[in-house]
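# Architecture at a glance
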Amino acid sequence: MLNSAKAGWRLALRAVAFQAAATLATAAACMTIGPRAALAALAGGGALALGSLVAAWGAFGGGVSGGGVALARLLLGTAAKWLVVMAGLYLAIAVWRLPAVPVLAGAAMAAAAFLVSMRFVARRSTTRTNA
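My aim in this report is to walk through the structure given alongside it, one point at a time.

Parameters and conventions
- Residues numbered from 1 in each chain as written.
- Predicted model: local features only at pLDDT ≥ 70, side-chain atom pairs only at ≥ 80, totals over all residues.
- Heavy atoms only, no water.
- Helix = DSSP H or I, 4+ residues; strand = E, 2+ residues; numbered from the N terminus.
- Expected span 1.5 Å × (residues − 1).
- Buried < 20%, exposed > 50% of the residue type's maximum accessible area, 1.4 Å probe, protein only.
- Core = buried A, V, L, I, M, F, W, Y, C linked by side-chain atoms within 4.5 Å.
- Contact = heavy atoms within 4.5 Å.
- Axes fitted to C-alpha atoms, helices over the stretch in contact; angles between N-to-C directions.
- Parallel < 35°, antiparallel > 145°, perpendicular 65-115°, else oblique.
- Nonpolar A, V, L, I, M, F, W, Y, C, P; charged D, E, K, R; others polar.
- Left-handed = near helix turned anticlockwise from the far one by under 90°.

Along an α-helix, a turn takes 3.6 residues, which lines up residues three or four apart on a common side. The terminal C-alpha atoms of helix α3 (residues 67-95) lie 41 Å apart, and with 29 residues this matches the ideal 42 Å at 1.5 Å per residue to within 8%. Buried within α3 we find Arg73, Gly77, Lys81, Val85, Gly88, Leu89 and Ala92. Two residues or fewer after α3 comes Arg97, characterised by a positive phi angle close to 55 degrees.

Counting ten residues, the largest nonpolar core is built from Ala40, Ala43, Leu48, Val85, Leu89, Ala92, Leu98, Val103, Ala107 and Ala110. Mapped by element, the contributors of at least two residues to this core are α2 (35-60), α3 and α4 (100-124). Leave out the neighbours within four places in its chain, and Ala110 touches Gln19, Thr23, Gly45 and Leu48.

Its identity is not glycine, yet Arg97 carries a phi of approximately 55 degrees, on the positive side. Checked against the element boundaries, Arg97 lands in the loop between α3 and α4. Looking at Arg97, the relative accessible area reads 62%, which means it is exposed.

A word on the packing of helix α1 (residues 5-30) against α2. Orientation of α1 relative to α2, taken along the N-to-C sense of each, is 175 degrees, at an axis distance of 8 Å. As summarised for this structure, α1 and α2 are arranged roughly antiparallel, according to the angle between their axes. The class makeup of the residues in the contact of α1 with α2 is 18 nonpolar, seven polar and no charged.

Between its first and last C-alpha, α1 extends 37 Å over 26 residues, near the 38 Å set by a 1.5 Å rise per residue. Taken together, the buried positions of α1 are Ala5, Ala7, Gly8, Ala12, Ala15, Val16, Gln19, Ala22, Thr23, Thr26, Ala27 and Cys30.

Two numbers describe how α2 lies on α3: the axes approach to 8 Å, and their chain directions differ by 160 degrees. The angle between α2 and α3 places the two elements in the roughly antiparallel class. Here the hand of the crossing between α2 and α3 comes out right-handed. Here Ala43, Gly44, Ala47, Leu48, Leu50, Gly51, Ser52, Val54, Ala55, Gly58 and Ala59 of α2 come into contact with α3, specifically with Arg73, Leu74, Gly77, Thr78, Ala80, Lys81, Trp82, Val84, Val85, Gly88, Leu89 and Ala92. Grouping the constituent residues of the contact of α2 with α3 by class yields 14 nonpolar, seven polar and two charged.

As structure tokens, then:
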């Protein structure tokens, strides 16, 4: 394999950038409802983007390692991502009392942006595999 952890980290950062852009677009659309709705969309999408950043840091933060360690990092990074997302959504809805629909809309659009970005990011990737 001619794939490095640094290349994976770059791909993950590009996906987070797609999520941030989708979050900002959702917040701009929610601004028509009001500033609290825009803030709620920012909180929901921001929680998902931050969670993706935590997952990337967990998966690629330790550099190159064996298969078992890499799998463990990936699983722990994913678990940490969803803990961050759930904590962010809980804070936005229950603690800060932001409107739930824009919070969930921001999170949903960030999740959709992650899926869409995988199509574009992987296509533009310069990494190669020998399979």
